[in-house]
Amino acid sequence: MKPLIYDIRLEALKKWLEENGEKSFRAGQIYDWLYVKRVSSFEEMSNLSKAFREKLAASFEIRGLDLITKQVSADGTIKFLFSLHDGHAIETVIMRHNYGNSVCVTTQVGCRIGCTFCASTLGGLKRNLTAGEIVSQVLMAQKALDEDDERVSHVVVMGIGEPFENFEALLDFLYIINNDKGLNIGQRHITVSTSGIVPKIYQWADDMNQFNLAISLHAPNTELRSRLMPINRGFPLKDLLEACRYYVNKTGRRITFEYGLFGGVNDSVAHANELADLIGDINCHVNLIPVNYVPERDYVRTPREDIFEFHRTLQKRGINATIRREHGSDIAAACGQLRAQHAKEAAR
Ligand code: SF4
């Protein structure tokens, strides 16, 4: 199978051009057609000769993702379900903020991490996405925003999958969307979230220190975290926090901890205090995520007052924390829900 043209970093494209008897500056022209003019076929690249366009078409696919469903929320959130060339379905979400539009992308079809609150892991991991399949999600979101003359200003790698388990494709994806000849999304406007693959956090701190890092923490002690996230048995909380401290010291940057609030599980004032004890020495921001009821799982939503109480407790302890605004609560907004619905319908 031919690779997607969106899989290719600019430097790699230049090299390919040279190896194929073409001028390397054509790479910039191709990037302009793909990411600035956003054409959908090689034929539209009108400043390239016909023979050259045919050569490109013989070597690369330009096919994007096929739209299965699109849901638009009253608050402007747009949720897409796309089909890949092999029939797998993936989700992508556009969220509107006062500071811009962020796109949440998926990096894997399914996931093998097994977080007990997550519907996306129920069928295990089917396969990794290629860099181009992740890039295509941002591009499709940008094409949707083009209708309103708006742009994708931020990207969060927090959709289905563990991005650090698809590391090479993740790096290619980040370099491609950050390239100023392409979508030109600033490194500090891109956040990658991990469930806690400790060795990769060290690598991230050393090599990718201008991109934001978020950790799915979800528990204030190792026993509870192991119950919620089996990955904690392989990479225990103590080692995870050591890696987070390394990241903060090495980069001088703040790290984000995501903390999903699950009714009656991890959402008491005692848990908030335990969390403050745990991370109080780390330059961090805690993103509290009130979790909606997920039909496939047993967790229930934390009552509104308890969410505020948890937040107040952290703030009183000097921890920088916010409660995540809900996006698209009138559509299937929780991660994996749209895909799960689609799978059920397909099975009927
Ligand atoms: S929450 Fe993320 S890392 Fe955990 S199982 Fe779901 S997709 Fe995988």
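This one's a predicted model, so the numbers in the text were calculated from it and none came from an experiment. (Residues numbered from 1 in each chain as written. Predicted model: local features only at pLDDT ≥ 70, side-chain atom pairs only at ≥ 80, totals over all residues.)

A. Summary view of unusual backbone geometry. Notably, Arg 38 is not glycine yet its phi reads approximately 55°, a positive angle. Considering the arrangement of structural elements, one finds Arg 38 in the loop between helix 2 (26-36) and helix 3 (50-59). You will see that Asp 149, though not glycine, has its phi angle at about 60°, which is positive. Among the structural elements, Asp 149 can be located in the loop between helix 4 (131-146) and strand 7 (152-157). (Helix = DSSP H or I, 4+ residues; strand = E, 2+ residues; numbered from the N terminus.)

B. Highlighting the UniProt feature "binding site: [4Fe-4S] cluster" (unreviewed entry) in the protein chain. If you check UniProt for "binding site: [4Fe-4S] cluster" (unreviewed entry), the listed places come out as Cys 111, Cys 115 and Cys 118 in our numbering. Sequence-distant contacts of Cys 115, that is, excluding residues within four places in its chain, are made with Thr 121, Ser 195, Leu 228 and Met 229. If you trace the backbone, Cys 118 turns up in the loop between strand 5 (108-110) and strand 6 (125-128). Residue classification places Cys 118 among the buried residues on the basis of 22 C-beta atoms within 10 Å. (UniProt positions renumbered as here; feature names shortened; annotations may be inferred. Contact = placed C-beta atoms within 7 Å. Buried ≥ 20, exposed ≤ 12 C-beta atoms within 10 Å, placed from the backbone.)

C. Up close: the domain arrangement of the protein chain. On domain assignment, one finds that the protein chain holds domain 1 (5-59) and domain 2 (66-347). Each of domain 1 and domain 2 has a C-alpha centre, and the two are 33 Å apart. Facing 9 residues of domain 1, the contacting portion of domain 2 comprises 15 residues. The element best represented in the side of domain 1 that touches domain 2 is helix 2, accounting for 4 residues. Across the side of domain 1 that touches domain 2, the residue classes tally to 4 nonpolar, 1 polar and 4 charged. (Domains from an automatic or database assignment. Nonpolar A, V, L, I, M, F, W, Y, C, P; charged D, E, K, R; others polar.)

D. Structural view of the nonpolar core. The biggest cluster of nonpolar side chains holds 91 residues, and the ones touching the most others in it are Val 135, Val 138, Val 155, Phe 173 and Ile 177. Considering every element that reaches this core, the biggest residue donor is helix 4, with 8 residues. If we skip the residues at most four places from it in the chain, Phe 173 touches Ala 131, Ile 134 and Val 135. (Core = buried A, V, L, I, M, F, W, Y, C linked by C-beta atoms within 7 Å.)

E. A look at the sheet that holds strand 9 (residues 212-216). As summarised here, the arrangement of the 10 strands in space is 1-2-3-4-7-8-9-10-11-12, forming an open sheet in which the pairing is mixed. This sheet does not close on itself; its edge strands, each paired only once, are strand 1 (66-72) and strand 12 (321-323). Going across the sheet, the axis of each strand differs from the next one's by a mean of 20°, ignoring polarity. Sheet analysis places strand 4 (residues 100-104) next to strand 7, joined by 4 bridges and oriented parallel. What sits directly across from Val 103, in strand 7, is Val 155. (Pairing = 2+ DSSP bridges. Axes fitted to C-alpha atoms, helices over the stretch in contact; angles between N-to-C directions.)

F. A look at the pairing of strand 10 (residues 255-261). In terms of burial, strand 10 is largely enclosed, as 5 of its 7 residues are buried. Both strand 9 and strand 10 contribute to a ladder of 3 bridges, which runs parallel. Bridging from a neighbouring strand, Ile 215 pairs with Phe 257 of strand 10. The pairing of strand 10 with strand 11 (residues 284-290) spans 7 bridges and is classified as parallel. Its bridge partner being in strand 11, Gly 260 is matched across the sheet by Ile 289. Handedness of the crossover is the feature at issue here: the chain leaves strand 10, passes through helix 10 (residues 269-279), returns alongside strand 11, and the resulting connection is right-handed. (Right-handed = clockwise from strand over helix to strand, strands pointing away.)

G. Quick peek at the packing of helix 10 against helix 11 (residues 304-316). For the pair helix 10 and helix 11, interaxial distance at closest approach is 9 Å and the crossing angle is 30°. Here helix 11 runs roughly parallel to helix 10, going by the angle between their axes. Both helix 10 and helix 11 take part in a crossing whose hand is right-handed. Only Glu 309, Phe 310, Thr 313 and Leu 314 of helix 11 make contact with helix 10, whose side of the interface consists of Val 269, Ala 272, Asn 273, Leu 275 and Ala 276. When its residues are assigned to classes, the contact of helix 10 with helix 11 shows 6 nonpolar, 2 polar and 1 charged. (Parallel < 35°, antiparallel > 145°, perpendicular 65-115°, else oblique. Left-handed = near helix turned anticlockwise from the far one by under 90°.)

H. Summary view of the pairing of strand 3 (residues 89-97). Burial of strand 3 is extensive: 7 of the 9 residues sit out of reach of the surface. One ladder, built from 6 bridges, connects strand 2 (residues 78-83) with strand 3; its direction is antiparallel. Within strand 3, the position partnered with Ile 78 by the bridge is Ile 94. Connecting the antiparallel pair strand 2 and strand 3 is a turn made up of 5 residues, with Gly 87 showing a positive phi of about 95°.

I. Representation of the environment of His 285 within the structure. Here His 285 is to be found in strand 11. Taking the number of C-beta atoms within 10 Å as the measure of exposure, His 285 has 15 and is therefore partly exposed. Sequence-wise, His 285 and Gly 76 are 209 residues apart; in three dimensions their C-alpha atoms are separated by 26 Å.

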